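If you want the building blocks of each chain, they are given just below.
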Amino acid sequence: MNPAIDLTRLHKRYGRRTAVDSLSLSVEPGSVFGLIGPNGAGKTTTLRMILDIIRPTSGAVRVLGQDPRSAGAALRRRIGFVPGELRLDGRMTGRRMLDFYSQASGPVPAGRIDLLSERLGLDLSRRVGTLSKGNKQKLGIVQAFMHEPELLVLDEPTSGLDPLVQREFLQLVREARGRGQTVLLSSHVLSEIQQAADSVAVLSAGRIVAEGNVASLRLGAIRRVRAGFEHVSEEELRRELAHLPHLADLEIARADGSVRLSATVEGDIDPFVKSIARHRLLDLSVEEPDLEESVLRLYGSPQPPAEGADHA
Ligand code: ATP
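Nothing here was measured: the structure is a model prediction, and the numbers come from that model.

(A) Focus on the packing of helix α3 (residues 94-105) against helix α5 (residues 133-145). Two elements in contact, α3 and α5, have axes whose closest approach is 10 Å; the angle formed by their N-to-C orientations is 30°. Overall, the two elements α3 and α5 adopt an arrangement that is roughly parallel. Every pair of crossing elements has a handedness; the one defined by α3 and α5 is right-handed. On the side of α3, the interface is formed by Gly-94, Met-97, Leu-98 and Tyr-101, while α5 contributes Leu-139, Val-142 and Gln-143. In terms of residue class, the contact of α3 with α5 is made up of 5 nonpolar, 2 polar and no charged.

Okay, structure coming up:
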């Protein structure tokens, strides 16, 4: 089957700055593809080239088998797009705006706008200009999903949404895949991609530094752990943990009558948990570091694209 999106050696330069550097990727139809990377990695630039909002400096883009530069409005109708920054006419109500968009997007199943708005908790009777950032984002999501397009291109769609609405949104993404729609989702939040995506590309400084299924990328395998203990000495803890595999950045110190530990676990957390479990724990937290840190730790610091380097 032909890919829903096929990018070949895509390159985008702004003056002397390279935003996207020789990027090739392919998105299977009916799958959810996650594009993740820290701020400034080139995600928005890539998605805009797919939508023909901006044009690549060089390289080829195929979307649903067509070249978006020549396919025009007919191709756009087959795509739902949530842009990173929504520009909305503030005087219209949400309902009016969606009616207006539905004339351009093609048929919207009866009741679909109300159903989506209800699920996301969006009041369609309010003027768009009075909506909070999160509610504007919901409007953008309804607009992209309402006509059940073959392809959804979603640029950081959950920014500004509270956790319950984020969960509902991820459910919409899964339902879209269930219907055979293809989804390209960008994010700088790993957990969101982990929950929704079949395959992932990690973007850093305009380049893909890793690609595969979510589990194989091991990005989620890095965790920051913190714990407090009593009735144990710093030396004893240090001795027990010193030779554990997968443990880095170990710091142990006494504070306020207890012993505090912080460390980074890379990979299997089980030996660490078994080892500390024999002591009396006062508290324990296990956190996901931010994506930038995980990318750097696993894939190193990418060389920034050379300024003015000619890839055309
Ligand atoms: P974010 O999550 O912060 O939006 P991103 O991964 O989407 O990050 P892009 O917005 O694609 O990243 O930006 C990639 C790089 O290109 C950045 O260094 C950015 O400063 C630069 N860039 C983007 N748009 C322009 C522009 N119109 N003119 C000049 N530089 C730009």
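(B) A look at the packing of α5 against helix α6 (residues 163-178). The N-to-C vectors of α5 and α6 enclose an angle of 10°; their axes lie 12 Å apart at closest approach. As far as their axial angle goes, α6 and α5 are roughly parallel. Of the residues in α6, those in contact with Lys-138, Ile-141 and Phe-145 of α5 are Val-165, Phe-169, Leu-172, Val-173 and Ala-176. Across the contact of α5 with α6, the residue classes tally to 7 nonpolar, no polar and 1 charged.

(C) Local environment of the environment of Val-61. Position of Val-61 among the secondary structure elements: in strand β4 (residues 58-63). For Val-61, a relative accessible area of 8% puts it in the buried group. Separated by 56 residues in the primary sequence, Val-61 and Ile-5 place their C-alpha atoms 7.6 Å from one another. What Val-61 contacts, discounting residues up to four positions off in sequence, is Asp-6, Leu-7, Leu-10, Met-49, Ile-50, Pro-56, Gln-66, Asp-67 and Pro-68.

(D) Here's a closer look at the domain arrangement of the protein chain. When the domains of the protein chain are assigned, the result is domain 1 (5-213) and domain 2 (222-287). The gap between the C-alpha centroids of domain 1 and domain 2 is 41 Å.

(E) Inspection of the nonpolar core at higher detail. Phe-145 and Leu-154 are the most contacted members of the largest nonpolar core, which totals 40 residues. For this core, the element with the most residues is α6, which contributes 6 residues. Beyond its immediate sequence surroundings of up to four residues, Phe-145 is in contact with Arg-112, Leu-116, Leu-152, Leu-154, Phe-169, Leu-172, Val-173 and Ala-176.

(F) Geometry of α6. Taking 1.5 Å per residue, 16 residues should reach 22 Å; α6 reaches 23 Å between its end C-alpha atoms and fits that length. Regarding α6, the residues found buried are Val-165, Phe-169, Leu-170, Leu-172, Val-173 and Ala-176. Each buried residue of α6 lies within a common arc of 150° when the element is viewed along its axis, so the set occupies one face. Relative to its buried face, α6 has exposed residues pointing more than 90 degrees away, namely Pro-163, Leu-164, Arg-167 and Gly-178. Of the surrounding secondary structure, the elements contacted by the buried residues of α6 are β3 (32-36), α4 (112-120), α5, β6 (151-155), β7 (182-187) and α7 (190-196). Phi turns positive one or two residues past the end of α6, at Gly-180, with a value near 95°.

(G) Spotlight on the side chain of Lys-138. Relative to the elements of secondary structure, Lys-138 occurs in helix α5. Within the buried set, Lys-138 has no salt-bridge partner at all; the shortest N-O distance to an opposite charge, 5.5 Å, is to Asp-162. A polar side-chain atom of Lys-138 sits 3.1 Å from the main-chain carbonyl oxygen of Leu-120. Within the structure, Lys-138 has its side chain in polar contact with the backbone oxygen of Gly-121 (distance 3.2 Å). With sequence-adjacent residues up to four places away left out, Lys-138 is seen in contact with Leu-120, Gly-121, Leu-122, Leu-161 and Val-165.

(H) Representation of the pattern of salt bridges within the structure. With the rule as written, the count across this model stands at 16 salt bridges. A salt bridge links Glu-148 to Arg-112; the shortest N-O distance between them is 3.3 Å. Pair noted here: Glu-148 is in the loop between α5 and β6 and Arg-112 is in helix α4, with a separation of 36 residues, a long-range link. Relative accessible area serves as the criterion here: at 30%, Glu-148 is assigned to the partly exposed category. Taking the relative accessible area as the measure of exposure, Arg-112 reaches 8% and is therefore buried. For the salt bridge of Glu-234 with Arg-254, the shortest nitrogen-to-oxygen distance reads 3.7 Å. Linking Glu-234 in helix α8 (residues 234-241) with Arg-254 in strand β11 (residues 247-255), this pair joins segments that are 20 residues apart in sequence. Look at Arg-254 and you get partly exposed, because its relative accessible area is 46%. A single network of salt bridges, built from pairs that share partners, joins Arg-112, Glu-148 and Arg-179.

Reading the values: rules and limits
- Residues numbered from 1 in each chain as written.
- Predicted model: local features only at pLDDT ≥ 70, side-chain atom pairs only at ≥ 80, totals over all residues.
- Heavy atoms only, no water.
- Axes fitted to C-alpha atoms, helices over the stretch in contact; angles between N-to-C directions.
- Helix = DSSP H or I, 4+ residues; strand = E, 2+ residues; numbered from the N terminus.
- Parallel < 35°, antiparallel > 145°, perpendicular 65-115°, else oblique.
- Left-handed = near helix turned anticlockwise from the far one by under 90°.
- Contact = heavy atoms within 4.5 Å.
- Nonpolar A, V, L, I, M, F, W, Y, C, P; charged D, E, K, R; others polar.
- Buried < 20%, exposed > 50% of the residue type's maximum accessible area, 1.4 Å probe, protein only.
- Domains from an automatic or database assignment.
- Core = buried A, V, L, I, M, F, W, Y, C linked by side-chain atoms within 4.5 Å.
- Expected span 1.5 Å × (residues − 1).
- Arc of directions from axis to C-beta.
- Lys, Arg positive; Asp, Glu negative; His and termini not counted.
- Salt bridge = Lys/Arg side-chain N within 4 Å of Asp/Glu carboxyl O.
- Polar contact = N/O pair within 3.5 Å; in protein donor to acceptor, adjacent residues only side chain to side chain.

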